[in-house]
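Per-entry structural report
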Amino acid sequence: MVTRRRAETRGRLLDAALRVFAAKGWGQVRIEEICDAAGYTRGAFYSNFDSLDELFFALYDERADLIATQVTAALADPDPSFHHAVERAASTLLLDRDWLLIKTDFLLHAARHPDVAGRLAEHRARLREAIEQRLASTPLALPAALPDVPAAARAVIAAYDGVTVQLLLDADAHAARTWLTQLLNALLVR
């Protein structure tokens, strides 16, 4: 059982890591910097995480859970139109520039380290499965180019990934949400 104090320590370390990684870049941060930003020692870090990679995966899982929750909420709206569900999802999906900077830095790290790449692929597969479950529970007539729900989930993730890259370059969240809506409608709405 995780004590309240331990959960609080872990939460503060995660919050500090998000700030420090966003400011300095994934590969430029030392454990001590995260500990200092959180107000803890290295011992507190190592009692919660084995490495910076593990800390990243904890952040990633938090964000993936948030995205899955956002997709579920968008699809649960009483308006049965899938077009409106797409608009709702695009208007609420996580488009946090700091997180996107960290995720992009880590993706490059993973690309150079096959063991880390494998773990990242597993985490992305869980996110994809969560999106598949949400899409499968929705009355959805897929276009011929997307033969099944797993293909649709992959398309959703690819559209999101593409829009987030553009967001990193131009820092225009409103335009990113507009593009995401357009892409998802083009991909998923007949």
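The rules behind the values
- Numbering of residues starts from 1 in each chain and follows the order in which that chain's sequence is written.
- Since the coordinates come from a predicted model, pLDDT governs what is reported: local features require at least 70, and pairs of side-chain atoms require 80 or more to be given and counted, while whole-chain, interface and lining totals use all residues.
- As a rule here, side-chain values cover all heavy atoms of the structure and leave hydrogens and water aside.
- Under the scheme used here, helices are H or I runs from DSSP no shorter than 4 residues and strands are E runs no shorter than 2 residues, and both carry numbers assigned from the N terminus.
- In this scheme, a helix's expected span is set at 1.5 Å multiplied by one less than its residue total.
- Accessible area is worked out with a 1.4 Å probe on protein chains only. A residue is then buried under 20% of its type maximum, exposed over 50%, and partly exposed in between.
- UniProt positions are given in the numbering used here, feature names are shortened, and annotations may be inferred rather than shown by experiment.
- Pairing of aromatic rings covers Phe, Tyr and the six-membered ring of Trp, with a centre-to-centre limit of 6.5 Å; geometry is then stacked below 30 degrees between planes, edge-to-face above 60, and tilted otherwise.
- We call a charge positioned over a ring when the NZ of a Lys or the CZ of an Arg lies within 6 Å of the ring centre and within 35 degrees of the ring normal.
- To qualify as a nonpolar core, a set must consist of buried Ala, Val, Leu, Ile, Met, Phe, Trp, Tyr and Cys residues joined through side-chain atoms within 4.5 Å.
- The contact criterion used throughout is that any non-hydrogen atoms of two residues lie within 4.5 Å.
- Any pair of N or O atoms that falls within 3.5 Å is considered a polar contact. Within protein, one atom must be able to donate a hydrogen and the other to accept it, and sequence-neighbouring residues count only if both atoms are side-chain atoms.

Here the focus is helix α1 (residues 4–24). In a regular helix each residue adds 1.5 Å, so 21 residues correspond to 30 Å; α1 covers 30 Å between its end C-alpha atoms and thus fits that length. Taken as a whole, α1 has its buried residues at Thr9, Leu13, Leu14, Ala16, Ala17, Leu18, Val20, Phe21 and Ala22.

Further remarks concern the UniProt feature "DNA-binding region" (unreviewed entry) in the protein chain. Residues annotated by UniProt as "DNA-binding region" (unreviewed entry) correspond here to residues 30–49. Overall, residues 30–49 shows 75% helix and 0% strand. The separation of its end C-alpha atoms is 14 Å.

On to the packing of aromatic side chains, then. The full count for this structure, using the stated rule, is 11 aromatic pairs. Their ring planes at 45° and their centres at 5.9 Å tell us that Phe56 and Tyr60 sit as a pair that is tilted. Of the two residues, Phe56 and Tyr60 both sit in helix α4 (residues 52–76), four residues apart, roughly one turn of that helix. With relative accessibility at 0%, the residue Phe56 sits in the buried group. Ring geometry for Tyr60 and Trp99: centres 6.3 Å apart, planes at 55°, overall tilted. On the criterion of sequence distance, the pair formed by Tyr60 in helix α4 and Trp99 in helix α6 (residues 97–112) is long-range, its members being 39 residues apart. Look at Trp99 and you get buried, because its relative accessible area is 3%. Every member of this aromatic cluster is reached through a ring pair, and the members are Phe21, Trp26, Phe56, Phe57, Tyr60, Trp99 and Phe106. Sitting over the face of the ring of Trp99, Arg63 holds its NZ or CZ atom 5.4 Å from the ring centroid.

Looking now at the nonpolar core. In terms of nonpolar packing, the biggest core is built from 58 residues, with Phe21, Ile34, Leu55, Phe56, Trp99, Tyr160 and Leu180 touching the most fellow members. Listed by contribution, the elements that provide at least two residues to this core are α1, α2 (31–38), α4, α5 (82–92), α6, α7 (114–136), α8 (149–170) and α9 (173–188). It is α8 that provides the largest number of residues to this core, a total of 11 residues. Aside from chain neighbours lying at most four places away, what touches Leu55 is Leu13, Leu14, Ala17, Phe21, Phe45 and Phe49.

As a further point, take the side chain of Glu132. Topologically, Glu132 is positioned in helix α7. In this structure Glu132 comes out as buried when scored by relative accessible area, which is 18%. When neighbours within four sequence positions are excluded, Glu132 is seen to be in contact with Val149, Pro150 and Ala153.

Let us look at the environment of Asp15. Structurally, Asp15 can be placed in helix α1. Residues Asp15 and Tyr46 lie 31 residues apart in sequence; the distance between their C-alpha atoms is 16 Å.

This next bit is on α8. The terminal C-alpha atoms of α8, which comprises 22 residues, lie 32 Å apart, in line with the 32 Å expected from a rise of 1.5 Å per residue. In this structure Asp148 caps α8, since a side-chain oxygen of it lies 2.9 Å from the backbone nitrogen of Ala151. Among the residues trailing α8, Ala171 stands out with phi positive, at a value near 55°.

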